[in-house]
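This is what each chain is made of:
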Amino acid sequence: MHIVITGANRGIGAKLAADYTAAGHTVTGTARNTPGLATLDVTNKASHEAFAASITTPVDLLVCNAGVYPDKHEQLEGGYPPEMWAEAYATNVTGVFLTVQALLPRLEQAKTPKIAIISSQMASHTRAPGGSYIYRSSKAAVLNLSRNFAADFAPKGIAVGAYHPGWVRTDMGGAEGDIEVDQSAAGLMAEFDALSLATTGCFRTWDGRDHAY
Ligand SMILES: NC(=O)c1ccc[n+]([C@@H]2O[C@H](COP(=O)([O-])OP(=O)(O)OC[C@H]3O[C@@H](n4cnc5c(N)ncnc54)[C@H](OP(=O)(O)O)[C@@H]3O)[C@@H](O)[C@H]2O)c1
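A short tour of the structure in this document, coming up. Per chain, the residues get numbers from 1 upward, laid out in the order the sequence is written. Residues qualify for local features only when their pLDDT is at least 70, as the model is predicted, and side-chain atom pairs are given and counted only at 80 or more; totals for whole chains, interfaces and linings, by contrast, use all residues. Only hydrogens and water are set aside when side-chain values are computed; all heavy atoms of the structure are taken into account.

### Some details on the nonpolar core
- Leu62, Val100, Leu103, Ile115, Ile117 and Phe153 are the most contacted members of the largest nonpolar core, which has 24 residues in total.
- Counting residues per element, the ones that place at least two in this core are helix 2 (45-54), strand 4 (61-64), helix 3 (82-108), strand 5 (114-118) and helix 4 (133-153).
- Filtering out sequence-adjacent residues up to four positions away, Val100 remains in contact with Leu62, Cys64, Ile115, Phe149 and Phe153.
- Definition used in this section: a nonpolar core is a set of buried Ala, Val, Leu, Ile, Met, Phe, Trp, Tyr and Cys residues joined via side-chain atoms within 4.5 Å. Exposed residues in this analysis have more than 50% of their type's maximum accessible area, buried residues have under 20%, and partly exposed residues fall in between, with area computed by a 1.4 Å probe over protein chains only. Within the second largest apolar cluster, 22 residues are counted, among which are Leu16, Leu61, Ala116 and Ala185. Here a helix means four or more residues in a row that DSSP labels H or I, a strand means two or more in a row labelled E, and each is numbered from the N terminus. In this analysis, two residues are considered to be in contact whenever any of their non-hydrogen atoms come within 4.5 Å of each other.

Structure follows, in structure tokens:
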């Protein structure tokens, strides 16, 4: 398979790229500025155009992984500045839309194309403990995007899933996370493997459960 993974320079994306490469797949890992990886700033339209032009073979699996969580320590009183909202939405929502839009022609050329969107349990309306308003709502927005992509792309034969990767010990998840990146990557890869047109529009966890919306 040819697999494109955004945000492949560290964290979950880097581990997915390493494990897929070790399994014999062709991986195009992207990063904002990392030697050896394809260059893509997911917030930048021109960057998407240049990246898409560099992809000349069909894409079997697109993993939209790049994301930011800037409001982890924000306080409601005086916090959550509008610039922080703009940055997070540009990355976590618009960034995913632009990535899918740019690579759609190459996905359409694959035999059984799939799009995996890394959302979060923090996207859930059912599980809404409060706080982290920017991150939670941006991940809810991209979950909504994945459902609407699933509807639009089913006639094209492209399956779309959204995923909670676990609370993972990365720069974003922090040292107190529940699982290591290798557990998350292994679970996600099994989930991406199981994704099909029969399950398109799903919201699944790294450890094989349906997540409440
Ligand atoms: N860790 C968790 O517990 C957890 C839980 C739920 C969901 N998630 C989601 O899982 C995904 C990966 O998280 P992680 O824990 O691996 O985070 P991470 O270690 O902080 O890595 C984030 C990745 O996203 C990239 N990125 C951020 N902004 C970008 C941009 N504008 N253009 C291109 N790449 C950009 C980063 O690149 P730079 O190095 O250039 O910043 C980095 O490669 C994210 O979508 C996150 O929201 C994580």
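Back to the write-up after that little detour.
### As for the packing of helix 3 against helix 4
- Axis definition: a line fitted to C-alpha atoms, over the contacting stretch in the case of helices. Angles run 0 to 180 degrees between N-to-C directions. The interhelical angle for the contact between helix 3 and helix 4, taken along N-to-C directions, is 20°, at an axis separation of 8 Å. With respect to helix 4, the element helix 3 is oriented roughly parallel. Helix 3 and helix 4 meet at a crossing whose hand is right-handed. Counted together, Met84, Trp85, Ala88, Tyr89, Asn92, Val93, Val96, Phe97, Val100 and Leu104 of helix 3 and Tyr133, Ile134, Tyr135, Ser137, Ser138, Lys139, Ala141, Val142, Leu145, Phe149 and Phe153 of helix 4 form the full contact between these two elements.
- Taken together, the residues of the contact of helix 3 with helix 4 sort by class into 17 nonpolar, three polar and one charged. Note on angle classes: values under 35 degrees are labelled roughly parallel, values over 145 roughly antiparallel, values of 65 to 115 roughly perpendicular, and the remainder oblique. Whether a crossing is left-handed or right-handed is set by the direction in which the near helix is turned from the far one by less than a right angle, anticlockwise for left-handed and clockwise for right-handed. The classification used treats Ala, Val, Leu, Ile, Met, Phe, Trp, Tyr, Cys and Pro as nonpolar, Asp, Glu, Lys and Arg as charged, and all other residues, Gly among them, as polar.

### Looking at the side chain of Ser138
- Residue position: Ser138 is located in helix 4.
- The residues touching Ser138, leaving out its near neighbours within four places in the chain, are Ala88, Tyr89, Asn92 and Val93.

### Some points on the sheet that holds strand 3 (residues 38-39)
- The strand order across the open sheet built from seven strands is 3-2-1-4-5-6-7, with neighbouring strands paired in parallel fashion. The strands lining the two open edges of the sheet, one partner per strand, are strand 3 and strand 7 (202-205).
- Pairs of strands are assigned from DSSP output, requiring at least two bridges between the strands. In terms of strand pairing, strand 5 meets strand 6 (residues 159-164) through five bridges, oriented parallel. Within the sheet, the bridge partner assigned to Ala116 lies in strand 6 and is Gly161.

### Points about the packing of aromatic side chains
- A pair of Phe, Tyr and Trp rings is counted when the ring centres sit within 6.5 Å of each other, with Trp represented by its six-membered ring. The angle between the planes then sorts it: under 30 degrees is stacked, over 60 is edge-to-face, the rest tilted. Considering all chains together, one arrives at seven aromatic pairs under this definition.
- Summarising the aromatic geometry, the rings of Tyr163 and Phe192 are spaced 4.9 Å apart at their centres and angled 70° between planes, so their arrangement reads as edge-to-face. Residue Tyr163 is located in strand 6, and its partner Phe192 is located in helix 5 (residues 181-194); the two are separated by 29 residues in the primary sequence. Exposure class is identical for Tyr163 and Phe192. Each is buried.
- Aromatic pair Phe203 and Tyr213: ring centres 5.6 Å apart, planes at 50°, arrangement tilted. Of this pair, Phe203 sits in strand 7 while Tyr213 sits in the segment after strand 7, and the two are 10 residues apart along the sequence.
- Since its relative accessible area comes to 1%, Phe203 is described here as buried.
- An aromatic cluster of three or more residues is present, and its members are Phe97, Phe149 and Phe153.
- Geometrically, a lysine NZ or arginine CZ counts as sitting over a ring once it is within 6 Å of the ring centre and also within 35 degrees of the ring normal. When the ring centre of Tyr213 is taken as reference, the NZ or CZ atom of Arg147 above it lies at 4.4 Å.

### Quick look at the pattern of salt bridges
- Between Lys or Arg on one side and Asp or Glu on the other, a salt bridge is scored when a side-chain nitrogen of the former is within 4 Å of a carboxyl oxygen of the latter. Under the defined criterion, the tally for this structure stands at seven salt bridges.
- A salt bridge links Glu180 to Arg169, with the shortest nitrogen-to-oxygen separation between them at 2.9 Å. With a gap of 11 residues between them, Glu180 in the loop between strand 6 and helix 5 and Arg169 in the loop between strand 6 and helix 5 connect regions that are remote in the sequence.
- The exposure class of Glu180 is partly exposed, given its relative accessible area of 35%.
- For Arg169, a relative accessible area of 30% corresponds to the partly exposed category.
- Residues Arg209 and Asp207 are paired through a salt bridge, measuring 3.2 Å at the closest nitrogen-oxygen approach.
- Among the charged side chains, a network of salt bridges with common partners joins Glu191, Arg204 and Asp210.

### Here we look at the environment of Asn144
- Mapped onto the elements, Asn144 comes out in helix 4.
- For Asn144, a relative accessible area of 48% gives the class partly exposed.
- Along the chain, Asn144 and Asp193 lie 49 residues apart, while their C-alpha atoms are 22 Å from each other.

The values are spatial; any link to function lies outside them.
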